[in-house]
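Single-letter residue listing:
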Amino acid sequence: MVIKVFISGSSGNKDVKGNQQRALLILDSFRIKYDSIDISAPENKDQRNAMLQKAKKREEQRVPFCPQFFHDDDAYIGDFEDFQTATELERLEVFLGLKSEAEVIDTEKQDGEKEKSDEEENEDERSSREASASKDDEDDEEEEKKKKRKESDDDDEDDD
């Protein structure tokens, strides 16, 4: 599935430009396929009009601000605020309809189990190293006692 991202290449609004860049950067970083549609281009007039009819307009907006997100079948997904919220909640793929919530939860569970397994493995290694170090210390002490006994026995023999 390819996501349609409606942007405005001629927007003078710094926030809109920044939001567009951020959205595309995030999509790229997640390797999510998308088509970027510049609504300021004359050849995209029909797509712009369709987007404006379906897109969500916030109370403070005269028209819906870009970027706006749609599925390739023209089903509306959301605006940048929705996108940003989904990103912050680590639910971007769910928001975009690329994964179900259950798939994301299952992945998180597997990641959590892997982290727990890694932590247990690290703890086992640490315990093993500590046990080995303790055994080495015991061996050193035993060796020291043997030397002292031998020296003591040698001294006793010299006295005889």
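These lines cover the structure that appears in this document, whether it is placed above or below.

The rules behind each value
- Residues numbered from 1 in each chain as written.
- Predicted model: local features only at pLDDT ≥ 70, side-chain atom pairs only at ≥ 80, totals over all residues.
- Heavy atoms only, no water.
- Buried < 20%, exposed > 50% of the residue type's maximum accessible area, 1.4 Å probe, protein only.
- Helix = DSSP H or I, 4+ residues; strand = E, 2+ residues; numbered from the N terminus.
- Contact = heavy atoms within 4.5 Å.
- Polar contact = N/O pair within 3.5 Å; in protein donor to acceptor, adjacent residues only side chain to side chain.
- Pairing = 2+ DSSP bridges.
- Core = buried A, V, L, I, M, F, W, Y, C linked by side-chain atoms within 4.5 Å.
- Salt bridge = Lys/Arg side-chain N within 4 Å of Asp/Glu carboxyl O.
- Axes fitted to C-alpha atoms, helices over the stretch in contact; angles between N-to-C directions.
- Parallel < 35°, antiparallel > 145°, perpendicular 65-115°, else oblique.
- Left-handed = near helix turned anticlockwise from the far one by under 90°.
- Nonpolar A, V, L, I, M, F, W, Y, C, P; charged D, E, K, R; others polar.

### Focus: helix α3 (residues 80–88)
All of the buried residues in α3 are Phe80, Asp82, Phe83, Gln84, Ala86 and Thr87. On its buried side, α3 packs onto α1 (14–29), β3 (68–71), β4 (76–79) and α4 (92–95). Residue Asp79 occupies the N-cap position of α3, its side-chain oxygen lying 3.3 Å from the main-chain nitrogen of Glu81. One or two steps after α3, the chain reaches Glu90, where phi turns positive at roughly 55°.

### Regarding the pairing of β4
Looking at chain direction, β3 and β4 are connected through 3 bridges and run antiparallel. When the sheet's bridge partners are listed, Phe69 is paired in β4 with Gly78. Connecting β3 to the antiparallel partner β4 that follows it, the hairpin turn spans 4 residues, and Asp74 within it adopts a positive phi of roughly 70°.

### Comments concerning the nonpolar core
Leu27, Phe69, Phe83 and Leu96 are the most contacted members of the largest nonpolar core, which has 16 residues in total. Among the elements of the structure, β1 (3–7), α1, α3 and α4 are those that each provide at least two residues to this core. Per-element tally for this core: the top contributor is α1, with 4 residues. Setting aside residues up to four positions removed in sequence, Leu96 forms contacts with Met1, Ile3, Leu27, Ile32, His71 and Ile77. By size, the runner-up hydrophobic cluster in this structure holds 8 residues, among which are Val16, Ile37, Ile39 and Phe70.

### Here we look at the pattern of salt bridges
On inspection of all chains with the given rule, the structure shows 7 salt bridges. What you see here is one network of salt bridges that share partners, running through Lys56, Arg58, Asp79, Glu81 and Asp82.

### Here's the deal with the packing of α1 against α3
Relative to each other, α1 and α3 sit at 40°, their axes nearing to 11 Å. One way to sum up the angle between α1 and α3 is to call them oblique. Of the two possible hands of crossing, α1 and α3 adopt the one that is left-handed. Across the interface between the two elements, Asn19, Arg22, Ala23, Ile26 and Leu27 from α1 touch Phe80, Phe83, Gln84 and Thr87 from α3. A per-class count over the contact of α1 with α3 returns 5 nonpolar, 3 polar and 1 charged.

This is a description of form; function is not addressed.
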